[in-house]
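Survey of secondary and tertiary structure
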Amino acid sequence: MTQRALDSSGGQTPGPGEQPPGNSRTSGNPRQAKIDAGAELDPVHPVDPPPPAHRPEGLTTAEVAERVARGEVNDVPVRSSRSVVEIVRANVFTRFNLIIGVLWVIMLFVAPIQDSLFGFVIVANTGIGIIQEWRAKKTLDSLAVIGEAKPTVRRDGTASEISTSEIVLGDLVELGPGDKVVVDGTVAEADSLEIDESLLTGEADPVIKRAGDQVMSGSFVVAGGGAFTATKVGREAYAAQLAEEASRFTLVHSELRSGISTILKYVTWMMVPTAIGLIISQLVVKDNNFKESVARTVGGIVPMIPEGLVLLTSVAFAIGVVRLGRKQCLVQELPAIEGLARVDVVCLDKTGTLTEGGMDVSEVRPLNGSDEAYVQRVLRAFGSSDPRPNASLQAIIDAYPADGGDGDTPGAGRTDGGDAGSWTVTDAMPFSSARKYSGAAFAEADGTASAWLLGAPDVLLSEGDQALKQIERLNEQGLRVLLLARVPGGALDAPGAAAEAVPTALVVLEQRLRPDAGDTLAYFADQNVATKVISGDNAVSVGAVAGKLGLAGAENTLDARRLPSDPDEMATAMERNAVFGRVTPQQKRDMVAALQSRGHTVAMTGDGVNDVLALKDADIGVSMGSGSEATRAVAQIVLLNNSFATLPSVVAEGRRVIGNITRVATLFLTKTVYSVLLAILVVCTQVEYPFLPRHLTLLSTLTIGVPAFFLALAPNKERAQPNFVRRVMRYAIPSGAIAAASTFVTYLLARHHYSGAGALEAETSAATLTLFLVSMYVLAIIARPYTWWRVALVAAMGLGFLIVLVVPWLQDFFALKLVGTVMPWAAVGIAAAAAVLLEFVWRWVGRRFRA
């Protein structure tokens, strides 16, 4: 159905299929009207095209103040992380903290303070978790403010950048390529305005917007420009409503967190019946001192809970965020650190990653006998056609400035007769990544009308054109080439204008390589991460640039126009080649999906709005801080310093977190396994539980708590591996079983060896010695490969236990005193046998059960 919408001046916008008055891109432009009427144009300096008649001036200062007073402000809070209240709630109000809290209160009433130490440890761990995550939140929020793009708003006729939260109802917000629509509104001005609404509707094709059309927050400008009037702000805006439904904090899948949740679920199922059996055994079946029975029952339940593992994971993530924040890397979702560490394919967009944003014109080559001076006049005028030039057009503007002054490249300072300043822009077609070219129409100094296209030669030229050979030679040198072509008839929107355009000149651009890109590519190669360069430029040219930077396989280039459409065939082509050129935005998305279909974990980097779809679909999206707001909004990681060289730091941080948490998780779960098994053995044999809470608090601190903290923060460059639960449990279960069996054997031997007063304390001491030595050997295995500080860490923990055994007041405090020599040495011998068995089992498991 044809709809007509009023534009800002009260006129009607023609419906689909209707011919608008004058040029379709400049309807309402007074200069175009003069041209149509044959009137003489006033010579003007080639600056941005003047605005249409009755250009809206936006709200006045007084109107803004009124709306602020009424609360009509875009006051949706920026949320890059959990709030402080949520952080405290998540760290304090957990299932295990509740269980331990109840047990702690019981112990405070029935036992000495040393049996309640486990409660103070939990308080300390929870406090550390809250403080570290709060620090991470502060880092995230401060970096989010730094990286936040500011929309341009027109007020009192003047355009200025303001914070998104300062937009009020009725504000006139200007739009340009790459800008994000931050609030809902109605288009007031449109100049070839194309908006990508894929993030909202799922429709990949850009939508052409005209005056009167609606725009929704969360969409992005892909071509053209314009302005819209804000009609919904704050929580009424569409994107804000979506944000209310889905918290940014939990968007990224974390195998680490989901794996720990799975483990804790199974632990809970095992713990409940075991704890009930232990309570019955100690309080009902055994006729002992009530308070001591309660203490030993609690001593059996508490170590079953791997509460420190959850806290340590949060702390490790939080510290990772703080570390990366110092390097100007904004991690918008904490588990994204883990995600990038699992990546095995990185897809790079050449511009902004391998090359710097700027380019230089190295030469201009006229074609078909064109006059070089005239070509320079066209290029000089072309710079005035787009108020927001891309990097290629900016290089031309720098080389051929509007005032005719000296440029930085050959040819820039040549005189052109001085009449380029009399050319007038009558029409413009902004660059589109889908078209691969831009266009501009001029009224020349003598009144002649001309229209020009500037873009990819292999798109604008026919396949057999002779110019393609010299273009290919230039591309092989890593140079970028644009074609300037004249449109017959002088109308940019004429049917087949691109196909009929007459080649006039080649503009050769030299790209600025990032000095740190080569080292970054070498790092990924060393870490067995495949690198794919995906660009909209010519494949040969991109391959030459990648080759200069030492990319392995840079010679394997493929023009994406020859890329098979079948996903499986595309995946094969993606794995065989390293460089892809002439890639469309939709193809980037398909490429990511093809790689994912082969089981690859894919990271996509980019800084342009044409990268949005691929960034959104990739496992991890990485955006440059100077990139479009569109890419920053969908990316999980934003490199605020615009340095591709920061990526290795992110990968290394992720690998440190995952590798170390996997290591220490084995420690925590070994304790859980041996605690459950010891409780089951006690219930089955109807004997006193061998340990008081103080004993297991001491063991947990020395063999798990302190060393786990240091090991979790240590450097770790191991590549992240999948199947977290399986990798942890394949070692934790046999280790816990060996520790429980050896400890219980020592305990039973001690029960037969000791008798009389103080026998239980001696039996407990012997069992504690065995359990400590076996747990220390598990720690020693996990600490491999050894470095000086790892050896020192293990030795310090052993020394700590030795001090407890020899210092009298510590013996009394922890109720640990080795009696005689037979059982202590027997305990050591049993622990030594358990250590040999542990070594054998760990090696066998490593070979037999590969994760």
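For clarity, every value in this text was computed on a predicted model and none was experimentally measured.

With respect to the pairing of strand β6 (residues 184-196)
The pairing of β6 with strand β9 (residues 220-232) spans ten bridges and is classified as antiparallel. In the strand pairing of β9, D196 is matched with F220. Pairing between β6 and strand β8 (residues 214-215): two bridges, direction antiparallel. By the bridge assignment for β8, T186 is matched with Q214. With two bridges connecting them, β6 and strand β7 (residues 207-208) associate as antiparallel partners. Along β7, the bridge assignment pairs E194 with I208.

Some thoughts on the packing of helix α17 (residues 517-526) against helix α23 (residues 647-685)
At a minimum axis distance of 10 Å, the contact between α17 and α23 shows a crossing angle of 30°. Considering their axes alone, α17 and α23 lie roughly parallel with respect to each other. Here T520, Y523 and F524 of α17 lie close against α23, whose contacting residues are L647, P648, V651 and A652. Tallied by class, residues from the contact of α17 with α23 come to six nonpolar, one polar and no charged.

As for the nonpolar core
Nonpolar side chains in soluble globular proteins tend to end up buried together. Core analysis: the biggest nonpolar cluster contains 88 residues, and F118 and F801 have the highest contact counts within it. With twelve residues, the top contributor of residues to this core is α23. Once residues within four sequence positions are removed from consideration, F118 is found in contact with I100, L103, W104, M107, V298, V302, P693 and T697.

Describing the sheet that holds strand β10 (residues 329-331)
Pairing between the strands of a sheet comes from backbone hydrogen bonds, and it takes one of two forms, parallel or antiparallel. Pairing in this open sheet of eight strands is mixed, and the strands run β10-β23-β22-β21-β11-β18-β20-β19 from one edge to the other. The strands lining the two open edges of the sheet, one partner per strand, are β10 and β19 (557-559). Neighbour-to-neighbour, the strand axes of the sheet open up by a mean angle of 20°, direction not taken into account. Bridging between strand β21 (residues 602-606) and strand β22 (residues 620-624) involves four bridges; their strand directions are parallel. In the sheet register, A603 faces β22, and the bridge partner there is I620. Each of β18 (530-534), β19 and β20 (579-581) is contacted by helix α19 (residues 567-576), which is oriented at about 105° to β18, the strand it contacts most. Across the sheet, helix α20 (residues 585-597) lies against β11 (345-348), β18, β20 and β21, angled at about 160° from β21, the strand it touches most.

Thoughts on a nonpolar patch on the surface
Residues V84, V88, V92, F93 and W134 make up a contiguous nonpolar surface patch of about 440 Å² in total accessible area. Counting residues per element, the nonpolar patch draws most heavily on helix α3 (residues 84-92), at three residues. Counting through the fold element by element, V84 comes out in helix α3.

Some remarks on the packing of α23 against helix α24 (residues 693-712)
One can describe the packing of α23 onto α24 by two numbers: an axis separation of 9 Å at closest approach and a directional angle of 175°. The angle between α23 and α24 places the two elements in the roughly antiparallel class. Across the interface between the two elements, R656, N660, V664, L667, F668 and K671 from α23 touch S700, T703, I704, A708, L711 and A712 from α24. A breakdown of the residues in the contact of α23 with α24 according to their chemical character gives seven nonpolar, three polar and two charged.

Some details on α20
With 13 residues, α20 extends 19 Å between its outermost C-alpha atoms, agreeing within 8% with the 18 Å of an ideal straight helix rising 1.5 Å per residue. If you check which residues of α20 are buried, you get P585, Q587, K588, R589, M591, V592, A594 and L595. Contact partners of the buried residues in α20: β11, β18, α19, β20, β21 and α21 (612-617). Positioned one or two residues after α20, G599 has a phi angle of 85°, which is positive.

Focus on empty space enclosed by the protein
In total, this model carries two cavities of 30 Å³ or more according to the counting rule given. Estimates place the volume of the largest cavity at around 50 Å³. What lines the largest cavity is L667, T670, K671, Y674, T703, I704, S775 and V778. Every element with two or more residues in the lining of the largest cavity is listed here: α23, α24 and α26 (759-782).

Here we look at the pairing of β11
Alternating positions in β11 separate into two faces, V345 and C347 on one and V346 and L348 on the other, with burial throughout. As paired strands, β11 and β21 are joined by three bridges and run parallel to one another. Bridging from a neighbouring strand, V346 pairs with A603 of β21. Sheet topology places β11 next to β18; four bridges connect them, and they run parallel. Bridging from a neighbouring strand, C347 pairs with K532 of β18.

A short note on the environment of M429
Examined against the element boundaries, M429 turns out to sit in strand β13 (residues 424-432). In sequence terms M429 and G439 are ten residues apart; their C-alpha atoms lie 4.7 Å from each other.

Description of the pattern of salt bridges
If charged atoms from side chains of opposite charge come close, those side chains can pair. In the structure shown here, the tally under the stated rule is 21 salt bridges. Its salt-bridge partner being E363, residue R365 comes within 3.1 Å of it at the nearest N-O pair. A residue is classified by how much of its surface remains accessible, and R365, at 26% relative accessible area, is partly exposed. For D617, the salt bridge identified is with R589, shortest N-O distance 2.6 Å. Highlighted residues: D617 in helix α21 and R589 in helix α20, separated in sequence by 28 residues. Note on R589: relative accessible area 15%, which makes it buried.

Points about the packing of aromatic side chains
Applying the stated criterion to the full structure yields twelve aromatic pairs. Measuring from centroid to centroid gives 4.2 Å for Y731 and W842, while their planes differ by 20°, and the two rings are stacked. You can see Y731 sitting in helix α25 (residues 724-753) and its partner W842 sitting in helix α29 (residues 822-848), a full 111 residues away along the chain. Considered together, Y731 and W842 belong to a single accessibility category, that of buried residues. Summarising the aromatic geometry, the rings of F744 and Y747 are spaced 6.1 Å apart at their centres and angled 55° between planes, so their arrangement reads as tilted. Residue F744 and its partner Y747 are both found in helix α25; the two are separated by three residues, about one turn of the helix. Residues F744 and Y747 agree in their burial class; the two are buried. One aromatic cluster is present, built from ring pairs that chain together Y374, F382, W423, F442 and W452.

Cut-offs and rules
- Residues numbered from 1 in each chain as written.
- Predicted model: local features only at pLDDT ≥ 70, side-chain atom pairs only at ≥ 80, totals over all residues.
- Heavy atoms only, no water.
- Pairing = 2+ DSSP bridges.
- Helix = DSSP H or I, 4+ residues; strand = E, 2+ residues; numbered from the N terminus.
- Axes fitted to C-alpha atoms, helices over the stretch in contact; angles between N-to-C directions.
- Parallel < 35°, antiparallel > 145°, perpendicular 65-115°, else oblique.
- Contact = heavy atoms within 4.5 Å.
- Nonpolar A, V, L, I, M, F, W, Y, C, P; charged D, E, K, R; others polar.
- Core = buried A, V, L, I, M, F, W, Y, C linked by side-chain atoms within 4.5 Å.
- Buried < 20%, exposed > 50% of the residue type's maximum accessible area, 1.4 Å probe, protein only.
- Patch = residues over 30% accessible without salt bridge, like charges linked within 9 Å, V, L, I, M, F, W, Y side chains within 5 Å.
- Areas by Shrake-Rupley, 256 points an atom, 1.4 Å probe, with all protein chains shown as cover.
- Salt bridge = Lys/Arg side-chain N within 4 Å of Asp/Glu carboxyl O.
- Expected span 1.5 Å × (residues − 1).
- 1 Å grid on protein atoms, 1.4 Å probe; cavity = no way out; pocket = protein on both sides within 12 Å on 5 of 7 lines; lining within 4 Å.
- Points joined across faces, edges and corners; volume = space filled by probe spheres on them.
- Phe/Tyr/Trp six-rings, centres within 6.5 Å; stacked < 30°, edge-to-face > 60°.

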